[in-house]
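Architecture at a glance
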Amino acid sequence: MPPAPFTRLSLYGLLALAPVVGGAQSVRKLGDGELSCAQIYAESQALEQASEAQRADALQAQQAMTDIQNQMVQQASGARGGMGSAIGGGLLGLIPGGAQVQGYAMQAAAEARRADMQDSVDKMMQATTRQMNAEQALERTQARSEHLADLFLKKDCKLSQVKAGADRPQ
């Protein structure tokens, strides 16, 4: 189970990154009733290709999120000091001014870890946004495709006739 900050990141990150759906494309268009069977079929084929690309993009974004999450877990587990840092800290304490040097070194290391974690958080948010956008585009594409399939059937279009018409030279 990941530490609590990662769980909060994914929950709050998703809520904060949820895009405002203002300019969403409509599934139904006023001119759809005037489309020929061949036009409906052609648009359906184009939508199928678009949905494959959108699925691939969503999967790539999901993989990026998994990779970043694994990197963050490694960073968090690497942040803990081991026996070597305890022994080194003890030896520095024996040297006059060594404790102050140790304090500066610890601050610098903590700042570097914080910067790495912030960079990982930023990358995770970008990957999450990319995945959400790809999934929303896929949903719109699938809805449009379903609408066109319904229209194809309502118009009593026949796939064999449409394909035969497409095969004929013009």
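Our structure is the block above this text.
These notes cover the structure that comes with them. (Residues numbered from 1 in each chain as written. Predicted model: local features only at pLDDT ≥ 70, side-chain atom pairs only at ≥ 80, totals over all residues. Heavy atoms only, no water.)

**So, the pattern of salt bridges**
Between side chains of opposite charge, a pair can form when the charged atoms approach closely. Scanning all chains against the criterion turns up five salt bridges. Salt-bridge contacts for E111 lead to R114; the nearest nitrogen and oxygen are separated by 2.9 Å. Of this pair, E111 and R114 both sit in helix α4 (residues 98-154), three residues apart, which is roughly one turn of that helix. One connected set of salt bridges, linked through shared partners, spans D32, E43 and R144. (Salt bridge = Lys/Arg side-chain N within 4 Å of Asp/Glu carboxyl O. Helix = DSSP H or I, 4+ residues; strand = E, 2+ residues; numbered from the N terminus.)

**Focus: unusual backbone geometry**
Of note in this structure, D156 is not a glycine but carries a positive phi near 60 degrees. Within the secondary structure, D156 sits in the loop between α4 and α5 (159-167).

**Quick word on the nonpolar core**
Core analysis: the largest hydrophobic core is formed by eight residues, namely L35, I40, L47, L148, L151, F152, C157 and V162. Elements represented by at least two residues in this core include exactly α2 (37-78) and α4. Considering every element that reaches this core, the biggest residue donor is α4, with three residues. If we ignore the near neighbours within four places in the chain, the residues touching L47 are T141, R144, S145 and L148. Of all hydrophobic cores here, the second largest spans six residues; its members include I68, M72, V121 and A127. (Core = buried A, V, L, I, M, F, W, Y, C linked by side-chain atoms within 4.5 Å. Buried < 20%, exposed > 50% of the residue type's maximum accessible area, 1.4 Å probe, protein only. Contact = heavy atoms within 4.5 Å.)

**Observations concerning the side chain of Q131**
Within the element layout of this structure, Q131 appears in helix α4. Taking the relative accessible area as the measure of exposure, Q131 reaches 11% and is therefore buried. Among residues more than four places away in sequence, those in contact with Q131 are A58, A61, Q62 and M65.

**Regarding the state of the cysteines**
Applying the stated criterion across every chain, the model contains one disulfide. Through a disulfide, C37 is tied to C157; the S-S separation comes to 1.9 Å. In this structure the cystine formed by C37 and C157 twists about its S-S bond by roughly -75 degrees; its chirality is therefore left-handed. Of this pair, C37 sits in helix α2 while C157 sits in the loop between α4 and α5; the two residues are 120 residues apart in sequence, bridging distant segments of the chain. When its relative accessible area of 7% is taken as the criterion, C157 is described as buried. (Disulfide = S-S within 2.5 Å.)

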